[in-house]
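Below, each chain spelled out in residue letters.
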Amino acid sequence: LTKQFIFTTEDRDKAWLARPYKPDGWNLVHGLFRLPENSPRVFWEIERAPDNVEFIIDNASLKPVTCNPDMLVKNGNLEDEGVSKYWDTWGGEVGLDIVPGFGGSGNALKAFKR
């Protein structure tokens, strides 16, 4: 490898912690990004984590995104692993929770501290 392939591009804020957060268990970190063509490697850095938190990375994978033309919003019904995968807030202190859906059926997303 030559130096031109190392540290030539940086793409920030591409992964988020999916809700609900489990302080005493495993949590899903999920994100989407496009790899540069012919990219030989990916570097992953964790920033803005709480103090005194240990990270163990287990079952990491990179997979191509599949698209379903009949479902315009990925995880739109929040049934994908019961987490907020593909959903997040932007700015401020807005919180998100997964709650029972209308009539107790399925899941819904609840925004608070708005």
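None of these values were measured; they are calculated from a predicted model.

Each helix and strand counted, the protein has zero helices and four strands in total. Put simply, 36% of the contacts in the protein that link residues at least 6 apart link residues at least 24 apart. Only carbon and sulfur atoms are counted for the fraction: they give 52% of the accessible area of the protein, which is about 10200 Å².

The phi dihedral of N59 falls on the positive side, at around 60°, and the residue is not glycine. Tracing the backbone through its elements, the reader meets N59 in the loop between β2 (29-31) and β3 (95-100).

A few words on a nonpolar patch on the surface. On the surface, a nonpolar cluster with roughly 770 Å² of combined accessible area is contributed by L17, Y21, V29, W44, I46, V53, F55 and I57. Within the element layout of this structure, V29 appears in strand β2. Residue classification places V29 among the partly exposed residues on the basis of a relative accessible area of 41%.

Below, the discussion takes up the environment of W26. Tracing the backbone shows W26 in the loop between β1 (15-17) and β2. Judged by relative accessible area, which is 54%, W26 ranks as exposed. On a C-alpha basis, the gap between W26 and D58 in space is 9.2 Å, while along the polypeptide they are 32 residues apart. In this structure W26 touches I56 and D58, once residues within four positions along its chain are discounted.

Below, the discussion takes up the layout of surface pockets. Its volume calculated, the second largest pocket comes out at about 180 Å³. In this structure, the second largest pocket is lined by K14, W16, L17, A18, H30, G31, L32, S84, K85, Y86, W87 and D88. Secondary-structure elements contributing two or more residues to the lining of the second largest pocket are β1 and β2.

To continue, consider the pairing of β3. Strand direction decides the pairing type here: β3 and strand β4 (residues 107-112), joined by six bridges, are antiparallel. Looking at the pairing, G95 lines up with F112 of β4.

We now examine the side chain of H30. Along the chain, H30 falls in strand β2. With relative accessibility at 16%, the residue H30 sits in the buried group. Leaving out residues up to four positions away in the same chain, H30 has contacts with K14, A15, W16, K85 and Y86.

What counts, and where the lines are drawn
- Residues numbered from 1 in each chain as written.
- Predicted model: local features only at pLDDT ≥ 70, side-chain atom pairs only at ≥ 80, totals over all residues.
- Heavy atoms only, no water.
- Helix = DSSP H or I, 4+ residues; strand = E, 2+ residues; numbered from the N terminus.
- Contact = heavy atoms within 4.5 Å.
- Areas by Shrake-Rupley, 256 points an atom, 1.4 Å probe, with all protein chains shown as cover.
- Patch = residues over 30% accessible without salt bridge, like charges linked within 9 Å, V, L, I, M, F, W, Y side chains within 5 Å.
- Salt bridge = Lys/Arg side-chain N within 4 Å of Asp/Glu carboxyl O.
- Buried < 20%, exposed > 50% of the residue type's maximum accessible area, 1.4 Å probe, protein only.
- 1 Å grid on protein atoms, 1.4 Å probe; cavity = no way out; pocket = protein on both sides within 12 Å on 5 of 7 lines; lining within 4 Å.
- Points joined across faces, edges and corners; volume = space filled by probe spheres on them.
- Pairing = 2+ DSSP bridges.

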